[in-house]
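Structural features, examined
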Protein chains: 6
Amino acid sequence: MIRPSGRAADQLRQVSLTRHYTRHAEGSVLVEFGDTKVICTASVEAGVPRFLRGTGQGWITAEYGMLPRSTGERMQREASRGKQGGRTLEIQRLIGRALRAAVDLKSLGENTIYIDCDVIQADGGTRTASITGACVALVDALRVMQQRGLIKKVPPVRMIAAISVGIYQGVPVLDLDYPEDSTAETDLNVVMTDTGGFIEVQGTAEAAPFTPDELNAMLDLARKGIEELFALQQGALED
Amino acid sequence: MIRPSGRAADQLRQVSLTRHYTRHAEGSVLVEFGDTKVICTASVEAGVPRFLRGTGQGWITAEYGMLPRSTGERMQREASRGKQGGRTLEIQRLIGRALRAAVDLKSLGENTIYIDCDVIQADGGTRTASITGACVALVDALRVMQQRGLIKKVPPVRMIAAISVGIYQGVPVLDLDYPEDSTAETDLNVVMTDTGGFIEVQGTAEAAPFTPDELNAMLDLARKGIEELFALQQGALED
Amino acid sequence: MIRPSGRAADQLRQVSLTRHYTRHAEGSVLVEFGDTKVICTASVEAGVPRFLRGTGQGWITAEYGMLPRSTGERMQREASRGKQGGRTLEIQRLIGRALRAAVDLKSLGENTIYIDCDVIQADGGTRTASITGACVALVDALRVMQQRGLIKKVPPVRMIAAISVGIYQGVPVLDLDYPEDSTAETDLNVVMTDTGGFIEVQGTAEAAPFTPDELNAMLDLARKGIEELFALQQGALED
Amino acid sequence: MIRPSGRAADQLRQVSLTRHYTRHAEGSVLVEFGDTKVICTASVEAGVPRFLRGTGQGWITAEYGMLPRSTGERMQREASRGKQGGRTLEIQRLIGRALRAAVDLKSLGENTIYIDCDVIQADGGTRTASITGACVALVDALRVMQQRGLIKKVPPVRMIAAISVGIYQGVPVLDLDYPEDSTAETDLNVVMTDTGGFIEVQGTAEAAPFTPDELNAMLDLARKGIEELFALQQGALED
Amino acid sequence: MIRPSGRAADQLRQVSLTRHYTRHAEGSVLVEFGDTKVICTASVEAGVPRFLRGTGQGWITAEYGMLPRSTGERMQREASRGKQGGRTLEIQRLIGRALRAAVDLKSLGENTIYIDCDVIQADGGTRTASITGACVALVDALRVMQQRGLIKKVPPVRMIAAISVGIYQGVPVLDLDYPEDSTAETDLNVVMTDTGGFIEVQGTAEAAPFTPDELNAMLDLARKGIEELFALQQGALED
Amino acid sequence: MIRPSGRAADQLRQVSLTRHYTRHAEGSVLVEFGDTKVICTASVEAGVPRFLRGTGQGWITAEYGMLPRSTGERMQREASRGKQGGRTLEIQRLIGRALRAAVDLKSLGENTIYIDCDVIQADGGTRTASITGACVALVDALRVMQQRGLIKKVPPVRMIAAISVGIYQGVPVLDLDYPEDSTAETDLNVVMTDTGGFIEVQGTAEAAPFTPDELNAMLDLARKGIEELFALQQGALED
């Protein structure tokens, strides 16, 4: 089996995390997993959703979008269609859940952090790139919150990163790009925390059912890749 | 650890599958997992979505809904809100993917089978009950298709069933009901086929990350439960 | 003239009212008029619409829906279409008006009772079955309100029931089923109160105008049928 | 009992029908029932809805709207709310059904006549004024269709007119204006054809149930009023 | 060059402004520019949008609509389409901005004036007619506000009027009607105040780019026409 | 008067045009006017809107969006609100009209070019930057169309560029940035073609009416700025 990109089975694409990518947001990161490019911003606003008012607790929520021509074929703009599709809603719910695992919401005060992940170029793995980039933007936003006096100190953050793995031509491979993703037998998205556990595991058999052994092989690959991502996040945050 | 229902950790709720529950649909099943009750219908229509026209292949798609007062607190009716929520879309996409794994779509001719899963009473596990019940309705619909001459013979069906498992008070348990689901540390939905593999594995850490060992313990429980479901489906179809 | 069902012109279908059909709602009734089956729930919530705030008065409102395959041909789900159709809105407005005639809204305190009527199987007469079943659910909800201390005592209820009548093959007939409804010359829905008057009279000439005499013949039939319904409601409430 | 307007119980308001009120529509009538003013247009378009294609039969459909400040309090514009309300849909469905009774749809060829009734000033009775005015616009549109060669001859038209009646302070009165309508015990809208029968009878008890005798008294009043309307329509069409 | 209407190049159509056209609104004007007819109402409501609450300042906003058959071909009703089109939103934003230039918003107290411009017959120039008519309705509404004690005195009003100009067959012409508008090379809408300056200048090259000289020639024509409109507004307000 | 940025009154911001910014679109340009950054793509699709089918003519249309945190305060995502706002629709209509002036639509065959302008960072002048960048993307898309054989040769293109001018503290200034735009007395957007004429002139008095002399002074500034933009477009296209 030779991957279309020539990568080894356990090799990530070139990943980069560019902080302060746009200037208005409290956190703003361009994340690139090879040709997949996503702008992740973290925006701080006073106030929380109704169900949290008066609890002293904060909230983190996420929205996801793709520019119409981020893809090989132009997609209809969701704003002009008048609604977000099921895939979009599913992804933004996943991103929100993942980021809420990064920090104790009680430490935020009654503030909301909006995570916006906008794909400007897609080549597979946009949801996992989004989570990985957004966690860096979240840390930057927490630092700004502290500078502005919204919180006394930056609370402890469990870093969150995510990667896709799959079975491609019978072989477990790490970090699927679009040519792999569109033909893989199985596709698994894994979200982990740097304290060493799973936050989300979402596996789908596209062509054939998968076995517990295949699942475990994929999870091992994912763990390896995510550890590399934690190092890259760490490096970016130390710059 | 004592489960609120008093069940053993690896014990399903009382499950029943009532075929021919309503009379218009080609397949119509009331599925009950304890107090969770879902009407699953399979409706056959000539024609396929645009992207399949002219291919000779069929399609299976699903929609999911909850009656406003199927839950403890009345929910707003999605039809009057003017849109389906993210959770609804996520679930109906899951059901559709699961059911499409049951049968070779090429064997359906250019016909579409609409799966409708409508929850009339909810007590946790509505999506897994829906998949389990809908697969029985699908088989009935295929039989009607053959009777009507839409297909020459009923194609081979891989039975599909689904169950939720979770970590409740530190212990892996099978088939979460609402009191468990709302407080579980981890929630995992598993969809399998009777040919022995996974179709979907969706695990979410609600309170704390989970480990590979916990994941495997939950998958083992799920496998046990799903095998019981296959037997119940088989029994229902033989009546 | 022989009715498709073989019933006499002035004969209702088999009617049954099953209380406590689902377990979450304050009132929950499965009403069956022959093959027409509707789940009617009454849900109590604190608060009233804006125009009543501060008046001390309560409110009763209704919503109506049909499961997509409650009918012979699958209908598009209104939640996925993104709006309720005109027929749905017309029916739920009718149900709401009818039920508000059952009780003095001042006796409810600033609480709202939501009536949800969801058709799980349709064979004509869904709106009249809905009203008839919902009134029983309303009584159960009032009893729960009293048990919960929301109201001091159950206020006097004028029972409300409804039936359709029509001219079928030139003859006035009671309680049209779908084969009759779809070919009747005239269709009349009548809502009455057990204190003996009309709440709503809605007659439509489908094929030919109708005369005052025909109208009066139909009203007489309706009165007879509704009296039987009052007895059935009474019986159900005494169980 | 003295009516707010000083009219006799069986007296219509001043009614006028101004043909050719706007210049683009095939039929265009300003109908005034006292201070209620509605522009009714009939627009002819080639083609019919999908369910009639290929049948050779035509279609008549109606839409209804109110200018935001046609009423005492400004209403939100339905176009900016993003949907038509239940009352609007109910009224336009009524107008459409009523007008379809005016002419044999087979005589129209595969053409659609759109009836638009737009209330520019409201003082009660807008739906009945709309039907009465729209029928005149329909006749004008049929004449234009014949001039344009869309139909060989103007088909026979059963004139349709409508009026509201009610019980006001215990007395049946004809043609309710807004001060009466908003306080009437019962409100009944009646649509008739000049061949002498009822097309629609829609009665609602607002404050107290009504009896068969009251219903018959109201129907008698309606018949008297509608006959006057037929004469006014006739006069307008002969101008 | 001969204009389709036979008018001189610098000649307005017959313009009329009919005050008190409908009876509910605080200001209600029928404005006619030849065959273009628009009902302009000004409605006063207590309260302001959120961004002005507590400032003591008022607000003026506008909505615009066309009756479906105000035009040569019937347009789909925006209320039934479920949204206002881009052209509608663009025009109502223009009307709102123009009218807000008429009066110091601080002088209104925390009240909102809703301007509704509804085209009942269209023959080009509906937006400029709307602005011209709405300014008269606004003055009437201010007078009513003073009578009702909402404001102590009618604040100073800069009258606002608007006209379209264009290049038609190479010649600058004033007040385009539909036959001119649909074939003009350039179309320019000009809004002015009677204190002598421009409020809005919106020019669009339809067929060929236009030069600064052509722009100035058109602006001169517009100024001449708008001065005539100021005189007509003045006359109407003195009646 | 000193501009917040320290620029001379007739000085553009630093403008850059980066071609091939993303890889899927036929044309893809990142345009920067200082801190304003917009991704402009041109996407080619076979087919035209219904009103052009069978004419052999092509179409160019545009959509515009802003990332939620492209601005100082996060804006609600239009896709999740369920509709595009009036400002968005107004801008995308402007971009579409401007670009359609660039090329003879008959030369495109029955193909549509979708222009998408997505603002990733906003600092005033997003609509003029969008037009200026989109015209370069359009040229690239035409070249691709020729390479793919969709058109025989690249048709002549009139380059289109746009700039904003305004009266800031009494002085006409070129290329307003956000601090100027939000406080300018007058704001004028000018679109020109390199053949020397105006395509659009849209001036709005924000605080005080403007005079013909002020208008002409602003137009002169705009002309100077747009000529510099033409040179930059030329340079970018020659790279």
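Because the structure is a prediction, the values reported are computed rather than measured. (Residues numbered from 1 in each chain as written. Chains lettered and ligands numbered in written order. Predicted model: local features only at pLDDT ≥ 70, side-chain atom pairs only at ≥ 80, totals over all residues. Heavy atoms only, no water.)

Notes on the interface of chain A and chain F
Contact residues are listed per partner, giving 38 residues for chain A and 38 residues for chain F. Summing both sides of the interface, chain A and chain F together bury roughly 3000 Å²; the carbon and sulfur share of this comes to 45%. For chain A, the biggest contributors to the area lost against chain F are A:H24, A:R69 and A:R74; these three give 24% of the whole. Summed over the shared surface of chain A and chain F, the number is 16 salt bridges. One salt bridge in this structure joins A:R23 and F:D35, with 2.1 Å as the shortest N-O distance. (Contact = heavy atoms within 4.5 Å. Buried area = accessible area lost by both parts, 1.4 Å probe. Salt bridge = Lys/Arg side-chain N within 4 Å of Asp/Glu carboxyl O.)

Some words on the packing of helix α2 (residues 86-100) of chain A against helix α3 (residues 126-147) of chain A
Residues and elements named next belong to chain A. Where α2 contacts α3, the axes come no closer than 10 Å and their chain directions differ by 40 degrees. The angle between α2 and α3 falls in the class oblique. Crossing hand, α2 versus α3: right-handed. Contacts between α2 and α3 involve R87, E90, I91, L94, I95, A98 and L99 on the former and, on the latter, T126, R127, S130, I131, A134, C135 and L138. Looking at the contact of α2 with α3, its residues break down into nine nonpolar, two polar and three charged. (Axes fitted to C-alpha atoms, helices over the stretch in contact; angles between N-to-C directions. Helix = DSSP H or I, 4+ residues; strand = E, 2+ residues; numbered from the N terminus. Parallel < 35°, antiparallel > 145°, perpendicular 65-115°, else oblique. Left-handed = near helix turned anticlockwise from the far one by under 90°. Nonpolar A, V, L, I, M, F, W, Y, C, P; charged D, E, K, R; others polar.)

Digging into the sheet that holds strand β6 (residues 160-168) of chain B
The antiparallel open sheet is built from eight strands, whose spatial order is β7(A)-β6(A)-β8(A)-β9(A)-β9(B)-β8(B)-β6(B)-β7(B). Two strands in the sheet have a free side with no partner beyond their single neighbour: β7 (171-174) of chain A together with β7 (171-174) of chain B. Between one strand axis and the next, the sheet turns by 15 degrees as a mean value, whatever way the strands run. Each of β6 (160-168), β8 (186-193) and β9 (198-205) of chain A is contacted by α3(A), which is oriented at about 160 degrees to β6(A), the strand it contacts most. On the sheet, helix α5 (residues 212-238) of chain B packs against β9 of chain A together with β6, β7, β8 (186-193) and β9 (198-205) of chain B and is oriented at approximately 140 degrees with respect to β6(B). (Pairing = 2+ DSSP bridges.)

As for the arrangement of the chains
Chain E makes no contact with chain B, the minimum C-alpha separation between the two being 11 Å. Regarding chain C and chain F, which are not in contact, the minimum distance between any of their C-alpha atoms is 11 Å.

Some thoughts on the interface of chain D and chain C
Contacts between the two partners involve 26 residues from chain D, matched on the other side by 26 residues from chain C. Of the roughly 2300 Å² buried between chain D and chain C, counting both surfaces, carbon and sulfur atoms make up 56%. Where chain D meets chain C, there are two salt bridges. Across the pair C:E90 and D:R93 runs a salt bridge whose closest N-O atoms are separated by 2.8 Å. For the pair chain D and chain C, the number of links is eleven residue pairs in polar contact (both at pLDDT 80 or more). For the side of chain D that touches chain C, the secondary-structure elements that each account for two or more residues are α2 (86-100), β9 (198-205) and α5 (212-238) of chain D. Here the element with the most residues in the side of chain D that touches chain C is β9(D); it accounts for eight residues. Of the residues that constitute the side of chain D that touches chain C, the class distribution is ten nonpolar, nine polar and seven charged. Pairing of strand β9 (residues 198-205) of chain C with β9(D), which is carried by five bridges, proceeds in the antiparallel orientation. (Polar contact = N/O pair within 3.5 Å; in protein donor to acceptor, adjacent residues only side chain to side chain.)

As for the confidence of the model for chain A
Per-residue pLDDT for chain A has a mean of 96; in total, 100% of the residues score no lower than 70. The complex model carries a pTM of 0.95, and its ipTM stands at 0.96. (pLDDT = per-residue confidence, 0-100.)

Topic: the relation of the copies chain D and chain C
With an axial shift of 0.0 Å and an RMSD of 0.0 Å, the rotation relating chain D to chain C amounts to 180 degrees. In short, the pair behaves as if placed about a two-fold rotation axis. Taking the C-alpha atom as reference, chain D places D:Q202 closest to the rotation axis, 2.2 Å from it. Most of the interface of chain D is mirrored in chain C: 100% of its interface residues are interface residues there too. (Least-squares fit on C-alpha atoms with pLDDT ≥ 70 in both.)

Quick word on the side chain of A:T204
Among the structural elements, A:T204 can be located in strand β9. Within the structure, the side chain of A:T204 is placed 3.2 Å from the side chain of B:E200, a separation counted as a polar contact. Setting aside its immediate chain neighbours within four residues, A:T204 contacts A:E185, A:T186, A:D187, A:F210, B:R97, B:I199 and B:E200.

Quick notes on unusual backbone geometry
Positive phi, close to 55 degrees, is recorded for C:H20, a residue that is not glycine. Phi at E:D175 is positive, roughly 60 degrees, even though this residue is not glycine. Its place among the elements puts E:D175 in the loop between β7 (171-174) and α4 (178-181).

Considering the UniProt feature "binding site: phosphate" (unreviewed entry) in chain A
Within this structure's numbering, the places UniProt gives as "binding site: phosphate" (unreviewed entry) are A:R87, A:G125, A:T126 and A:R127. Taken along the chain, the residues just named run across 41 residues; in space they keep tight, none of their C-alpha pairs more than 13.3 Å apart. Note that A:R87 resides in helix α2. The contact partners of A:R87, leaving out residues within four places of it in the chain, are A:Y64, A:M66, A:T126, A:R127 and B:R93. You can see A:R127 is positioned in helix α3. (UniProt positions renumbered as here; feature names shortened; annotations may be inferred.)

Considerations on the pairing of strand β5 (residues 111-121) of chain D
Residues and elements named next belong to chain D. Within β5, ten of the eleven residues are buried, leaving the element largely enclosed by the surrounding structure. Pairing of strand β3 (residues 36-46) with β5, which is carried by ten bridges, proceeds in the antiparallel orientation. Of the residues in β5, the one forming a bridge with V38 is V119. For strand β4 (residues 59-66) and β5, the ladder comprises eight bridges, and the chain directions are parallel. What sits directly across from T61, in β5, is Y114. (Buried < 20%, exposed > 50% of the residue type's maximum accessible area, 1.4 Å probe, protein only.)

Some thoughts on the packing of aromatic side chains
Residue and element names in this part refer to chain A. Evaluated as defined, the whole model comprises twelve aromatic pairs over all chains. Here F51 and W59 contribute two aromatic rings whose centre-to-centre distance is 5.2 Å and whose plane-to-plane angle is 85 degrees, an arrangement assigned as edge-to-face. The exposure class of W59 is buried, given its relative accessible area of 18%. (Phe/Tyr/Trp six-rings, centres within 6.5 Å; stacked < 30°, edge-to-face > 60°.)

Quick word on the UniProt feature "domain: Exoribonuclease phosphorolytic" (unreviewed entry) in chain A
Residue and element names in this part refer to chain A. UniProt's feature table lists "domain: Exoribonuclease phosphorolytic" (unreviewed entry) at residues 11-141 and 159-225, given in the numbering used throughout. Taken end to end, residues 11-141 comprises 27% helix and 32% strand; its first and last C-alpha atoms sit 31 Å apart. Taken end to end, residues 159-225 comprises 27% helix and 43% strand; its first and last C-alpha atoms sit 14 Å apart.

Some points on the sheet that holds strand β1 (residues 15-19) of chain A
All names here are of chain A. With respect to topology, five strands assemble into an open sheet ordered β1-β2-β3-β5-β4, the strand pairing being mixed. Both outer strands of the open sheet, β1 and β4 (59-66), are each paired with one neighbouring strand and no more. The average angle at which neighbouring strand axes cross in this sheet is 20 degrees, direction not considered. Running over the sheet, α2 touches β4 and β5 (111-121) and is turned about 145 degrees from β4. Sitting on the sheet, helix α5 (residues 212-238) touches β1 and β2 (27-33), and the angle it makes with β1 is about 25 degrees.

Structural notes on the pattern of salt bridges
Considering all chains together, one arrives at 133 salt bridges over all chains under this definition. C:R3 serves as the salt-bridge partner of C:E180, at 2.6 Å between the closest nitrogen and oxygen. With C:E180 in helix α4 (residues 178-181) and C:R3 in the segment before β1 (15-19), this residue pair connects regions lying 177 residues apart in the sequence. A relative accessible area of 0% means that C:E180 is categorised as buried. Residue class for C:R3 comes out buried when judged on its relative accessible area of 2%. A salt bridge links D:R74 to E:D116; the shortest N-O distance between them is 2.7 Å.

Looking at helix α2 (residues 86-100) of chain B
End to end, α2(B) covers 21 Å across 15 residues, agreeing with the expected 21 Å (1.5 Å per residue, within 8%). For α2(B), the full list of buried residues reads B:G86, B:T88, B:L89, B:E90, B:I91, B:Q92, B:L94, B:I95, B:G96, B:A98 and B:L99. (Expected span 1.5 Å × (residues − 1).)

Side note on helix α3 (residues 126-147) of chain C
Taking 1.5 Å per residue, 22 residues should reach 32 Å; α3(C) reaches 31 Å between its end C-alpha atoms and fits that length. A large share of α3(C) lies buried, amounting to 19 of its 22 residues.

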